[in-house]
Every structure is written in structure tokens, then in C-alpha cells.
Amino acid sequence: MSEPRVIVALDFDSGEAAAGLADRLKPGSCRLKVGKELFTRAGPTLVEALQARGFDVFLDLKFHDIPNTVAAACRAAARLGVWMLNVHASGGRRMLEQAAEAVRGAASPPLLVGVTVLTSLDDGDLRELGYAETAPELVRRLSALAQACGLDGVVCSAREAALLRAERGEGFRLVTPGIRPAGSAGDDQRRIMTPRQAVAAGADYLVIGRPITRAEDPQVALESVAREIAHRGS
Ligand code: C5P
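Residues numbered from 1 in each chain as written. Predicted model: local features only at pLDDT ≥ 70, side-chain atom pairs only at ≥ 80, totals over all residues. Heavy atoms only, no water.

Caption draft 1: Quick look at the overall build of the protein. The helix and strand inventory of the protein stands at ten helices and eight strands. By the compact-globule yardstick of 17 Å for 234 residues, the protein fits well, its C-alpha radius of gyration being 17 Å. A burial count over the protein gives 50% of its 234 residues as buried. Across the protein, every contact between residues at least 6 apart in sequence was considered, and the portion connecting residues at least 24 apart equals 67%. Surface accessibility of the protein: about 11,300 Å² in total, with carbon and sulfur atoms responsible for 48%. Across the protein, the mean location of the 29 positive side-chain charges is 3 Å away from that of the 29 negative side-chain charges. (Helix = DSSP H or I, 4+ residues; strand = E, 2+ residues; numbered from the N terminus. Rg over C-alpha atoms; globule rule 2.2 N^0.38 Å. Buried < 20%, exposed > 50% of the residue type's maximum accessible area, 1.4 Å probe, protein only. Contact = heavy atoms within 4.5 Å. Areas by Shrake-Rupley, 256 points an atom, 1.4 Å probe, with all protein chains shown as cover. Lys, Arg positive; Asp, Glu negative; His and termini not counted. Charge placed at Lys NZ, Arg CZ, Asp CG, Glu CD.)

Set out below in C-alpha cells:
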């Protein structure tokens with residue numbers, strides 16, 4: 001079986017609810033994303049419990065701090081055995097380089113990806129923050145910086161995936177949220193793409209939350225996405 005491309009976002013407020021959802025999914029068919037709310041609630045114990053069930057975990061804590069602190073946090077995440085973790089690319093060259101070095105030194109190094117520009121920020125927000133570039137320009141520049149510093153990829157909108165794939169080459173992992181299977185509710189996501197469109201644009205991994213976690217049968221919803229991606233050539 002090919003490696004699972006879908007990362008199910010476990011956006012729950014308790015470890016019990018997250019574990020309950022995980023128990024309705026098959027480990028070989030997806031990865032799981034643990035973010036700030038769930039990790040703050042349920043911590044490393046939950047991550048270990050999910051891994052013990054056979055799931056790869058993407059620890060979505062978006063570290064952003066001085067280089068030494070971020071490197072130590074990355075080392076701690078790697079020791080926890082996670083499959084993927086992330087840092088803010090805007091933390092700068094030294095922070096990114098030290099994060100990459102910390103991860104490379106782990107017994108089994110997780111994938112390290114960068115967050116470029118939060119999709120909640122528009123060009124007006126960026127100007128207010130002192131950035132002269134538009135969001136897409138900044139995404140391209142921070143992706144190049146992340147790659148130059150030894151990161152394995154970036155989190156990006158599927159709309160940016162084709163351009164980043166062309167600029168950063170094969171092997172640079174593109175992780176895309178904002179995915180909605182054809183016919184499903186958009187929820188609060190605005191600029192969405194279907195799984196098939198995202199993979200065709202060059203996405204490696206698709207972060208999908210509510211269309212799977214709120215489905216009557218999450219595994220059935222997941223398999224339907226997997227089928228849609230598998231037939232992307234058709
Ligand atoms: O439920 P839904 O599919 O919208 O969940 C998407 C997940 O991806 C959430 O955990 C959300 O925080 C995350 N995410 C996002 N858009 C970004 C970055 C992360 O939706 N630009």
C-alpha cells in the first residue's frame with residue numbers, strides 16, 4: 001500500500017475525544033495531527049497513546065522563539081517519536097538551522113516543516129507588521145529560506161503548491177490544509193481545494209479535519225478521500 005497522504009486534524013478539546021476518534025480510524029490509512037489546544041490539554045501522554053495505536057503523529061505546535069529554545073523543543077518532540085513537526089519560518093535563519101540540526105541529531109529524525117505565512121493574514125496585516133511583500137511573495141521567500149536551512153518542507157495553501165513545487169523541486173514536502181472533498185461543507189475555510197486538485201497541484205500531504213472527524217463514519221470518509229487521490233490521473 002502506498003504511504004498515507006491524509007493527515008487527520010484532531011481538533012478536539014480532550015484526549016478522550018481525540019483517542020475515541022482515532023479508534024474509529026485505521027492506522028495504516030492516515031496520519032494524525034495534534035495541535036496546540038489538544039496538546040495543551042492532553043500532552044505527550046496522548047501523543048504516545050496515539051503512536052502506541054500505530055499512528056504517525058504530526059505535532060503542529062508551530063515553534064517560534066530564540067534558536068536555542070526552538071532547537072530544544074524540536075529535540076523534545078523528536079524524542080517523543082513524532083513523525084512530523086513544524087516551526088515558523090519567520091523565526092529566521094539561525095532558528096531554522098538550529099531546529100534542523102536538532103532534528104537531524106535524533107535517533108529517528110522526524111520531518112521538519114516550516115509555516116510560511118498564516119493564511120489568516122492578508123496583505124494589509126503584513127504591511128502593518130512591516131513586510132513590504134504581498135503574502136504570496138513572502139510565502140515564496142520563506143519557503144526558499146526554509147529549504148536553504150535544511151527543512152524538509154512547508155505548510156502551504158494548495159493554491160500555492162504548484163508554484164512552490166516548481167520552485168523548490170521534488171522531495172520538498174508540501175503539506176496543505178484547507179481541503180474539502182467535493183460536495184462537503186466548506187465550514188469556515190474560504191479558499192478551499194478538493195483533495196484531487198491539491199495532489200494534482202503538487203501537495204504531498206493533505207491536512208483534513210472536520211470532513212473526516214465529523215463524518216458519521218470517519219473511516220468511510222477517509223477512504224473516499226483516499227480513492228479520490230488514487231484516481232488523480234483519471
Ligand atoms: O476542519 P478543517 O479541515 O478545516 O481543519 C484544518 C486543520 O488545518 C485545522 O487544524 C486548522 O487549524 C489547520 N490549518 C488550516 N489552515 C491553515 C493552517 C492550518 O486550516 N492555513
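After that view, the rundown keeps rolling.
Caption draft 2: Inspection of the pairing of strand S8 (residues 205-208) at higher detail. Side chains Tyr205 and Val207 of S8 all project onto a buried face; the interleaved residues Leu206 and Ile208 project onto the opposite face, where all are buried too. Alignment of strand S1 (residues 6-9) against S8, held across three bridges, turns out to be parallel. Its bridge partner being in S8, valine 8 is matched across the sheet by isoleucine 208. Across two bridges, strand S7 (residues 173-176) lies against S8 in parallel orientation. (Pairing = 2+ DSSP bridges.)

Caption draft 3: Region of interest: the sheet that holds strand S2 (residues 31-35). Strands sit in the order S1-S2-S3-S4-S5-S6-S7-S8 around a closed barrel of eight strands; the barrel is parallel. Sheet twist, expressed as the average angle between the axes of neighbouring strands with direction ignored, equals 25°. Across the face of the sheet, helix H4 (residues 93-104) comes into contact with strand S3 (57-63), strand S4 (84-88) and strand S5 (111-115) while running at roughly 165° to S4. (Axes fitted to C-alpha atoms, helices over the stretch in contact; angles between N-to-C directions.)

Caption draft 4: Spatial organisation of the site of the ligand. What surrounds the ligand is the set Ala9, Asp11, Lys33, Thr119, Pro177, Arg180, Gln189, Val207, Ile208, Gly209, Arg210 and Pro211. In the model, an oxygen atom of the ligand is placed 2.9 Å from a nitrogen or oxygen of the lysine 33 side chain. In the environment of the ligand, an oxygen atom lies 2.7 Å from a nitrogen or oxygen atom belonging to the backbone of arginine 210. With the chains in place, 78% of the 460 Å² that the ligand exposes on its own is no longer accessible. Taken atom by atom, the bulk of the ligand overlaps the largest pocket. Elements that contribute at least two residues to the shell around the ligand include exactly S8 and helix H9 (210-213). (Near = heavy atom within 4 Å. Polar contact = N/O pair within 3.5 Å; in protein donor to acceptor, adjacent residues only side chain to side chain. 1 Å grid on protein atoms, 1.4 Å probe; cavity = no way out; pocket = protein on both sides within 12 Å on 5 of 7 lines; lining within 4 Å. Sits in = over half its atoms within 2 Å of the grid points.)

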